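Structural overview
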Amino acid sequence: AGGCSGGKDASDLEKRKARYLACFQLGAPELPEVSGGITLAIGDETITVDEVAESLKKRLAPIAKTGDLNTFKSQAKAEVANALSMKVSDSLLYQEAKKDAAEGIEDILEEVAEKQVNKYIASFDGDLAKAEEALKKVGMTWETFKQSQKKMMLTQSYVSQEINEE
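Computed from a predicted model, the values in this text were never measured in an experiment.

1. A closer look at the nonpolar core
With 8 residues, the main nonpolar core is built from Ile42, Ile47, Val52, Leu56, Leu60, Ile63, Ala76 and Ala83. If sequence neighbours within four positions are ignored, Ile47 has contacts with Ile38, Thr39, Leu40, Ile42, Val52, Leu84, Lys87 and Val88.

Put into structure tokens, the structure is as follows:
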């Protein structure tokens, strides 16, 4: 009866498999998109190791250059914990803001985000290629830039409303 199934008979494994599959057919939350690395799903958003690592490169590079592994480990651990905590908090706050948002807000956000794109390009004296190169250096595309602008605006608006209500 045992074999490779770890002491479970085949019918028990089939039952567990059926329950697992039924869970996804009954509308359980979707799994995060495959990224090739460790991910953390928070509601309908996913935080990847790459996102956290990218945000820390500039702060940790000088520490890494000192050559003291123990110092680097202790400081890096604290920085990673802080960065992850901030990303989780931002994600949860944004999800609350989305739930609370007025109908049609997406159109308004799109319009304002488009203006932010134009401002960003203008900050490079209107040179689209330079602006795009700068975005690439921080790991963004025009689409991710616009999405981040929308998230930031919606979250800031939500926080302002919450503060004013108190």
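2. Here's the deal with the pairing of strand E2 (residues 45-48)
Direction of pairing for strand E1 (residues 39-42) relative to E2: antiparallel, over a ladder of 4 bridges. What sits directly across from Thr39, in E2, is Thr48.

3. Some points on the packing of aromatic side chains
This model, assessed by the stated rule, comprises 4 aromatic pairs. Ring geometry for Tyr120 versus Phe145: centroids 5.0 Å apart, planes at 40°, classification tilted. Linking Tyr120 in helix H4 (residues 105-122) with Phe145 in helix H6 (residues 142-165), this pair joins segments that are 25 residues apart in sequence. Taken individually, Tyr120 and Phe145 each receive the classification buried, so the pair is uniform in this respect.

4. Quick look at helix H5 (residues 128-137)
Residues of H5 that are buried include every one of Ala131, Ala134 and Leu135, and no others. In a view along the axis of H5, the buried residues occupy a sector of 100°, so they form one face of it. Along H5, exposed side chains directed more than 90 degrees from the buried face belong to Ala129, Lys130, Lys136 and Lys137. With a side-chain oxygen positioned 3.1 Å from the backbone nitrogen of Ala129, the residue opening H5 is Asp127.

5. Description of the environment of Leu60
Considering the arrangement of structural elements, one finds Leu60 in helix H2 (residues 49-65). The spatial distance from the C-alpha of Leu60 to the C-alpha of Gln75 is 8.2 Å, given a sequence separation of 15 residues.

Rules of the game
Residues numbered from 1 in each chain as written. Predicted model: local features only at pLDDT ≥ 70, side-chain atom pairs only at ≥ 80, totals over all residues. Heavy atoms only, no water. Core = buried A, V, L, I, M, F, W, Y, C linked by side-chain atoms within 4.5 Å. Buried < 20%, exposed > 50% of the residue type's maximum accessible area, 1.4 Å probe, protein only. Contact = heavy atoms within 4.5 Å. Pairing = 2+ DSSP bridges. Helix = DSSP H or I, 4+ residues; strand = E, 2+ residues; numbered from the N terminus. Phe/Tyr/Trp six-rings, centres within 6.5 Å; stacked < 30°, edge-to-face > 60°. Arc of directions from axis to C-beta. Polar contact = N/O pair within 3.5 Å; in protein donor to acceptor, adjacent residues only side chain to side chain.

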